[in-house]
Every structure is written in structure tokens, then in C-alpha cells.
Amino acid sequence: MRPRVYIAAFILFATICHKGISQAVYAIKGKVTDATTGDPIPFANIGIRGQLAGTTTSFDGVYQLTFTPPADSVVVTYVGYTGRSKAIAPGLKEQVIDIQLSPGTTLLREVKILAGENPAYAIMRKIMARKKANNPDELTAYEYEAYNKIQIDIDNLSKGFRSRKPVKKMTHILDKFDEVKGENGETIIPIFISESVSDVFYRRDPQKKKEVINKTKVSGVGLTDGSMVSQLVGSTFQQYNFYNNWLNILQKDFVSPISDNWRLYYEYYLADSIANGSGYDYQIDFEPRQKQDLAFSGSMWVDSETFALTQIDVSVGKEANLNYIDRIKIQQSYELSEDEKNWLPRKTRVMIDVDEPTPQAAGMLLKFYSAQSKYKTDAPRESRFYDTAIELKEDYLDHDSAFWMKSRPEGLSPSEKLTFELIDSLKALPVVKTYTEILNVFVNGYKRIDKWNIDLGPYLFLYANNKVEGHRFRLGFRTDPGFSKKWIFSGYGAYGTRDGEFKYGGGLDYIISRKPWTMAGISYSKDLERLGLTAETIGPSTIFGALSRFGAFRRPYWQEDVSAYLKREVVKGLTGSVQVRHRTFDPLFPFTYRTNPTAGDDSPVKSAFDITEVNFEARLAQKETFLLNDNERISMGTGNSPAFTLRYTHGFKRLLGGDFNYNKFSFNIRQSFRAGVIGRTYYNVTFGYIPSTLPYPLLYTPLGNESLFYVENAYNLMRYFEFISDRYFALRMEHNFEGFILNRIPAIRRLKLRMLATGRLFYGSLRNANQSLTTTTDESGQKILTFSPLNDKPYVELGYGIDNIFRTGRVDFIHRLTYLDNPNVTPFAVKISFWFKL
């Protein structure tokens, strides 16, 4: 019996040992990345084939998973990507398995809708109820440290692209990037990479935000670590708050999945609940009801107690009503504040995949990464502290490698390290230099001559052709910061082949202070101008200013213009300026005016005059953001807020030969704002009053348009010089429905057309004294071109149109509703225009 006992004991011991061995824990860790961009893929699902073990990747794409053998392979799946598995090496207790996923057509999981309410809706209502409380912008104040990284890559390096002669000269650089692309990755060439470290400050009442950029490191083709680039790579332009109803990305409005109108734009699915510390999160998947809408597909994770966002991963596909963009992806993670009251953004990653214009062309990837840390909440600073929205530390370029190693939340990827190493070699290639110079000329309008520290241009004004000058040739220059960071010299010369006359001008500007921005200058010019086309009527459009030199050139006149100005930002958002100006008016068209209006027809007449005036202007735009670009101050817009401009002009008779005493007043309001679900509205309103008696060239002339093209700041069915006023109200409006209407029509929504509506109104009057000042014949008895004053009704035109025709075209259908009995009036017209819009 005893041998049997020994045998049984041995079998029992062996079984226990085998069981213990088979229950040994094995571990796999690694990183999941996008095969096309190299970026980490957060929140991806990781599992072992045939087992229940599973996990998800962190925000940085990292995972760690334990399992018990036998195990065949690790499986990775995620919405928007083609799933992939990779074999597990047998016998290894610890191993690293990195996996690259390729973008695919994987959609949200199939969900069976049963009777009753969608279970996601109950959670969505709780999210909406707590939305304001969870919004970080509703805190009294907050501040944090930010690390930002921006990268621009060239992708889609097809054989056809690589075989091009200019690209072959970069073969040695392409080979190095091939080495770091990974097992299943695609080769990408980074052409720009930047890092910045800054402090960000925010207060709610009054709502203000400020960023102090401490350090920047910029390396890129065609770009330097200049002050403007260093401001752009900070946190100010990388803000993505999903608690807002709309997210402005690339100047387009995208509706948030937790917008107040969530049910109008999205379908929702309660996908899962997962552990999150001591509690758990709801995972809600969502997708647009209309694929053409500017809305997101993706997933969000919501805290089960506070119903605040803890993670979100969204994307926009190629089907959206968006041009030149293949894909947009935004991923964001949140962490509890130190007092555990608020979930605050911790890391954000954005990827924008620019579409390739042809199958053989290369594409472009724009990638942004931001990490926030060391939050302080509810401790607002004085209001004046926030007046400068973006501020660069004086030593922002002083740093070393040790500083960046300490400041980075995560290390650079092999591709990013290689970029910093090879970018100088890439910039030195002659072919790259050539393309860089061409791009700079296209963007800036000037060609920089480093040897002389000047810029030649602007190139839009190099040539024009009109009936007065014939072929007009013009060349100008300005000094660059290499010449001086305080003094700016500029000048131009022009010549017309038909009139045989030289035109010229020059100016000198001096930057008194950059904080607050204060500038002064003087200028002189002698040139041919067109009546009614002033800087006020033309607006900021350089293209329209250049095109106005072409064509018939109606009512031209010679002008000598001498002016001096002082401009200063008084407080945040309020800029004041004063200008002293003397100019002459010598018409080349039939024109005279009575110098003694009380004498009636017996009054002497003149055709030329001089004016001396002083102009005062105050502009209030509280939410306007400015960037300093070398010696320029560039506005980045006012967001959804209005801008107010008040102008007063006083003319002095006999001062420097001035012929008139006069006063002019004008007040302008302009704003672009989101009009809820129906699109975006822009309006421009001007009130003007001229209580003085003046020849009509000194009164207000609304800009007409008799061309085939639609002009944004003109009355498009009003004839040139049709109306003159000394008291007026001018309104221009445009509403862009985007895809709100046409996205919902099955037959045409794939065309990505956009509908718009326009309106123009001009109402004014002309006092008898001003009307009688103008004669109907000149000194030789020749009939003079005159104008029509408005009566008791306004000029009105309304229009509607289709935008985004073949991605660039626009057609406007415009109806003129009043003053149809005026001579040569067109009551209806179709106007075309071309725009580069996303």
C-alpha cells in the first residue's frame, strides 16, 4: 500500500506545481501609434486573443497588460482605424510589443435600438445640466504652466513624388527618415518643429486671458525663431474647449458634442462604463446625424458623479463640408484639480491631415501637442495685468538642451530628434531655398534682399493697366528689422506709358514703444488717384486695392499728399491716433465748384483745391489679439466681439493753403458672430455726418460696382458715383448658412455647396448748400458729370448665392429694390467671385 501512497502524493505534488507554473503571470507593454503620422493613439482597446484580459492605452499611447499563458497574440482595435494583431513570443515573461494602426473605415459599434429612450440621452441631460459648473472658463480665475509642441510634416511620399528631380536631391535625408518610420509606418518628413514653455493666466470677470511665453525653440524650413513665430507656437492659438457650443478650428465653426443643440447634430450610444480611480466613467460614442455637417465622430468619457469630461477623442472625416482637409483629430485628457472640485484639461493632441491636390503629390500633416500643469484656481490678478494678451520674455531664446529635457512631459520621438538634427541640412539645399523664397513672396508680397536689409514689393502692385496711364509699372521697397528695429523707411516709384508721368512716394515710421504699442511717422506721395476710392472705402483688402488700378479709371485726379501721424494703444483694446494732413486735388475729369455759393450762377468757379486737416480716431475692440511681426503689429481678429471706430476730421482754411473749414464725423461698428445653428453673420454699420459746405469730392460717396465680379465692400448694383451724401447711414450684411440647408438635400450634399444671403442698405441726404455748390458745366461750358442725391427712401439691394463651387467659386444673385428709375440701372444681376476658403 505504501508505494501507492507515494505515487499518489507525487502525482498530487506534480499537479500542484504544474498548476502553479501555469498560473505564472506574464507581462506585455508597448506603444500604439498611427502608422501614417507617428502620433500616439490614446484610448485604444488592447486584448489577448481568446482571453478576457484587456486594457486601454494611455493618452500617450502606452499600455501594459498581464496575462497567463498560453497566449497567441495581442489584438488592438479602435474606432477609425483598421484593427491589428501581433504575435506574442512564447516563453518570455516580459516583452515589448509596439503596434502601428492604419486609418480605416471602422465605424462606431453596431447598436440595437430597443423600445424606450436611448440610454445615452439620460446621461447627456445630466452632462448638460452640469455643463456650466464643469466648464473651466466659468471659474473665477485660473493659471497654469504650458508646454506646447507644433510639427509640420510632409507625407504621402509616393514613388512618383520621390522620382521628381528636386526631391531626388534630398535622397540622403529621405533615407534617414525611412529608418525611423517603424515596421508598418509611412515615411514622413518634418519640415517644421517647435517647442515653447509659457505661463497662462485667465480671469472670468471681465473675461481676459494672457500668455507669457518664457522660452521657445523653433526649427523649420523657411521659418526662423522670430518673435511672430514664437508667439504663434504658444498656447493662445491652441485652445479647444468642448464645453463651448462651437469650436473655431481653421477659421471654421465646429459644433461640440456637448453643445446646447446636441440632439440636432448628433446620434449618441452608451458604449461602456470603465473604472476611473475610486469611481467609474461612462463611455459615450457619438457621430453626426449629417456626415457633411462640421461635427465630430468619436468617444467621450464622463465622470459618473460630476458628469464632467475626463477624456475625449474626436475626429472629422473627408465627408464633412470642408475643403483641402482629409482628416482632423483632437484628443484631450483631463485631471482633477488639487481640491478635487474640477476636471481641468491636462493634455491635448491635434492632428490636421491636409489633402493631396493630386494622387502623385505629397500631402501635409499639422500636429499640435499641449500639456498643462501646476494649476492655480480662483485667484484672479488685477485687470490691467491681462492687458497684453501675448507677451514674450526678453530672454525667450536663451535655453539649452538640459532645459528642454526637464520641461518636456514626454521625450521626443526618434523622428522628432532626427528633425532637429537634419533641419539645417534640409534648409541648406538649393532646391529647398528656392521653394522657400517663392513661398515667402507669395505669403508676404515682398522679396527680401538680405544684403541690403530691404524688402522689394509689394508684387501685387508691380503692374496695372488703365485708360489714363496705359501700362503702369511700379516698384517699391521697405527696410526690414536687420536695418533697424525702430526706424522703417519705405518708398515707391511708378511710371505710366500713356500719360508719360512719373509717380512716387516715400515714408518714415518710428516705433516709439512696443509696450504699449506707440508709433509715429511722416509720408509724402504724388500719384494718380480715383475719386471715391479712399482707404476707408477700399478697406483692408490689398487685392482690391491693386485691382482698382485696372480698367476705365473713372474720375481720376492728381494728388500730392503730405501727412504726419501718432498712434498709441491707450489701454487694452483701445487705440487712439491723430493725423495732420495736407493734400491737393487736381482733377483730370470735367469738374468745377462755386467758390462763393451765395452769389449763385455769378459765383467764380474753380476745379482744383487744397485741403489741410487733422484727423482723430479712437478704436475699441476689447477682445482683439495682436501679434508683433518684426516691425509690424498684426491683428488676429476680434473673435465674436464687435469693433467700434469713431472718427472726427477738422479742416483748416488758409492753413498751409487749405481752401475750406469743415467738420466730419463718422462712427463704425463691425462684427462677425455665430448665429446659432443657422450659420455665421457679418455686419458693418457706419453713421456719418458732414455739417459743412464742401465740393462733392469731399463728401461721402458709397462705393458702387459696375463690374461682373462681386465686391465684398461695395454696393454691387449701384453705379459708380450714383449717390453723394453729407448725412448717411450705411449697412452691409452677409449671412453664411454654411451647410445648414444644402447638407440636408441628398441629391446635392456631396458637392459641399454652401448657401448665403446678402443685404446692402444706404440711406442719406444732401443739404441744398452742398448740392448748389456743384456746377453743371465747367469753365469752358463743357457738361459736367454729376450725381443723384437720395430722397426720402433708402437704396436697398438683397441677394442670395451659392458658395464653394468647385471649392473656389461663388455666384451671387442680386436684386436692386429701389431707385429703379435712375438712368442705366440694372435691377438684377448675377455676379461671380473666387475665394480660397476651407
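The structure this text deals with has already been given above.
This text gives an overview of the structure that appears in the document.

Each value, and the rule that gives it
- Residues numbered from 1 in each chain as written.
- Predicted model: local features only at pLDDT ≥ 70, side-chain atom pairs only at ≥ 80, totals over all residues.
- Heavy atoms only, no water.
- Helix = DSSP H or I, 4+ residues; strand = E, 2+ residues; numbered from the N terminus.
- Buried < 20%, exposed > 50% of the residue type's maximum accessible area, 1.4 Å probe, protein only.
- Areas by Shrake-Rupley, 256 points an atom, 1.4 Å probe, with all protein chains shown as cover.
- Pairing = 2+ DSSP bridges.
- Axes fitted to C-alpha atoms, helices over the stretch in contact; angles between N-to-C directions.
- Contact = heavy atoms within 4.5 Å.
- Lys, Arg positive; Asp, Glu negative; His and termini not counted.
- Salt bridge = Lys/Arg side-chain N within 4 Å of Asp/Glu carboxyl O.
- Core = buried A, V, L, I, M, F, W, Y, C linked by side-chain atoms within 4.5 Å.
- Patch = residues over 30% accessible without salt bridge, like charges linked within 9 Å, V, L, I, M, F, W, Y side chains within 5 Å.
- Phe/Tyr/Trp six-rings, centres within 6.5 Å; stacked < 30°, edge-to-face > 60°.
- Polar contact = N/O pair within 3.5 Å; in protein donor to acceptor, adjacent residues only side chain to side chain.

## Observations concerning the overall build of the chain
Then comes step 1: For the chain, the helix and strand inventory stands at 14 helices and 43 strands.
Then comes step 2: The buried share of the chain, taken over its 838 residues, is 48%.
Then comes step 3: Accessible area for the chain stands at about 41,400 Å²; split by element, carbon and sulfur atoms hold 57% of it.

## Considering the sheet that holds strand S6 (residues 84-87)
Then comes step 1: Taking strand neighbours across the sheet as the criterion, the four strands line up as S3-S2-S5-S6 in an open arrangement whose pairing is antiparallel. Strand pairing shows two members of the sheet lacking a second neighbour, strand S3 (54-56) and S6, which therefore form its edges. When the angles between neighbouring strand axes are averaged without regard to direction, this sheet yields 20 degrees.
Then comes step 2: When strand S2 (residues 45-48) meets S3, the two strands line up antiparallel, connected through three bridges. Among the inter-strand pairings, Asn-45 is bridged to a residue of S3, identified as Thr-56.

## Some words on the sheet that holds strand S21 (residues 390-392)
Then comes step 1: In spatial order, the strands read S14-S15-S16-S17-S18-S19-S20-S9-S10-S11-S21; together these 11 strands make up an open sheet with mixed pairing. A strand with exactly one partner marks an edge of an open sheet, and here the two such strands are strand S14 (266-276) and S21. Across the sheet, the mean angle from the axis of one strand to that of its neighbour is 15 degrees, orientation sign disregarded.
Then comes step 2: In this structure, strand S9 (residues 141-155) lies alongside strand S20 (residues 363-377), joined through 13 bridges in antiparallel fashion. Bridge pairing in S20 links Gln-151 to Lys-367.
Then comes step 3: Across the sheet, helix H2 (residues 119-129) lies against S14, strand S15 (279-288) and strand S16 (297-303), angled at about 80 degrees from S14, the strand it touches most.

## Describing the side chain of Lys-664
Then comes step 1: With respect to the helices and strands, the residue Lys-664 is situated in strand S37 (residues 662-674).
Then comes step 2: Lacking a salt bridge, the buried Lys-664 has Glu-613 as its closest oppositely charged neighbour, with an N-O distance of 5.3 Å.
Then comes step 3: In this view, Lys-664 contacts Arg-647, Tyr-648, Thr-649, Tyr-689, Ile-690, Leu-694 and Leu-698; residues no more than four positions away in its chain are not counted.

## Let's talk about the pairing of S15
Then comes step 1: Within S15, seven of the 10 residues are buried, which leaves the element mostly enclosed by the surrounding structure.
Then comes step 2: The antiparallel hairpin formed by S14 and S15 contains two residues in its connecting segment, where Gly-277 sits at a positive phi of about 70 degrees.
Then comes step 3: As judged from the six bridges shared by S15 and S16, these two strands associate in the antiparallel manner. Residue pairing for S16: Asp-285 is matched across the bridge by Ser-299.

## Considerations on the nonpolar core
Then comes step 1: In terms of nonpolar packing, the biggest core is built from 50 residues, with Ile-127, Phe-242, Tyr-268, Phe-296, Met-300 and Ile-330 touching the most fellow members.
Then comes step 2: In terms of residue count, H2 provides more of this core than any other element does, six residues in total.
Then comes step 3: Ile-330 has contacts with Tyr-240, Phe-242, Ile-249, Phe-296, Ile-312, Asp-313, Val-314, Thr-348, Arg-349 and Val-350, leaving out every residue within four places of it along the chain.

## Some thoughts on a nonpolar patch on the surface
Then comes step 1: Judged by side-chain polarity, Leu-460, Tyr-463, Phe-473, Ile-543, Leu-547 and Phe-550 come together as a nonpolar surface patch covering roughly 580 Å² of accessible area.
Then comes step 2: Looking at the element boundaries, Leu-547 is found in helix H13 (residues 542-547).

## Here's the deal with the pairing of strand S19 (residues 343-354)
Then comes step 1: The element S19 is largely enclosed, with a buried count of 11 among its 12 residues.
Then comes step 2: With 11 bridges connecting them, strand S18 (residues 325-336) and S19 associate as antiparallel partners. Paired with Arg-327 across the strands is Asp-353, a residue of S19.

## Focus on the packing of aromatic side chains
Then comes step 1: Applying the stated criterion across every chain, the model contains 51 aromatic pairs.
Then comes step 2: Relative to Tyr-202, the ring of Tyr-142 lies with its centre 4.7 Å away and its plane at 20 degrees, an arrangement referred to as stacked. Here Tyr-202 lies in strand S10 (residues 189-203) and Tyr-142 lies in strand S9, a separation of 60 residues in the sequence. With respect to burial, Tyr-142 and Tyr-202 carry one shared label: buried.
Then comes step 3: For the pair Phe-687 and Phe-729, a centre-to-centre distance of 5.1 Å together with 45 degrees between the ring planes defines the contact as tilted.

## Some details on the environment of Tyr-683
Then comes step 1: With respect to the helices and strands, Tyr-683 occurs in strand S38 (residues 680-689).
Then comes step 2: Along the backbone, Tyr-683 and His-735 are 52 residues apart, and their C-alpha atoms lie at a distance of 8.6 Å.
Then comes step 3: Among residues more than four places away in sequence, those in contact with Tyr-683 are Pro-642, Ile-669, Arg-670, Gln-671, Phe-673, Arg-732 and Met-733.
Then comes step 4: A polar contact is formed between the side chain of Tyr-683 and the side chain of Gln-671, at a distance of 2.7 Å.

## Quick look at the pattern of salt bridges
Then comes step 1: Following the criterion strictly, the structure yields 43 salt bridges and no others.
Then comes step 2: In this structure, Arg-49 and Asp-72 form a salt bridge, with 3.8 Å as the shortest nitrogen-oxygen distance. Pair noted here: Arg-49 is in the loop between S2 and S3 and Asp-72 is in the loop between strand S4 (62-67) and strand S5 (73-77), with a separation of 23 residues, a long-range link.
Then comes step 3: Notably, a salt bridge pairs Asp-260 with Lys-131, separated by 3.0 Å at the nearest N-O pair. Placement of Asp-260 in the loop between strand S13 (252-255) and helix H8 (262-265) and of Lys-131 in helix H3 (residues 131-134) is noted, with a sequence separation of 129 residues between them.
Then comes step 4: Salt bridges linked by common partners bring Glu-469, Arg-472, Asp-499, Lys-503, Asp-527, Glu-529 and Arg-549 together as one network.

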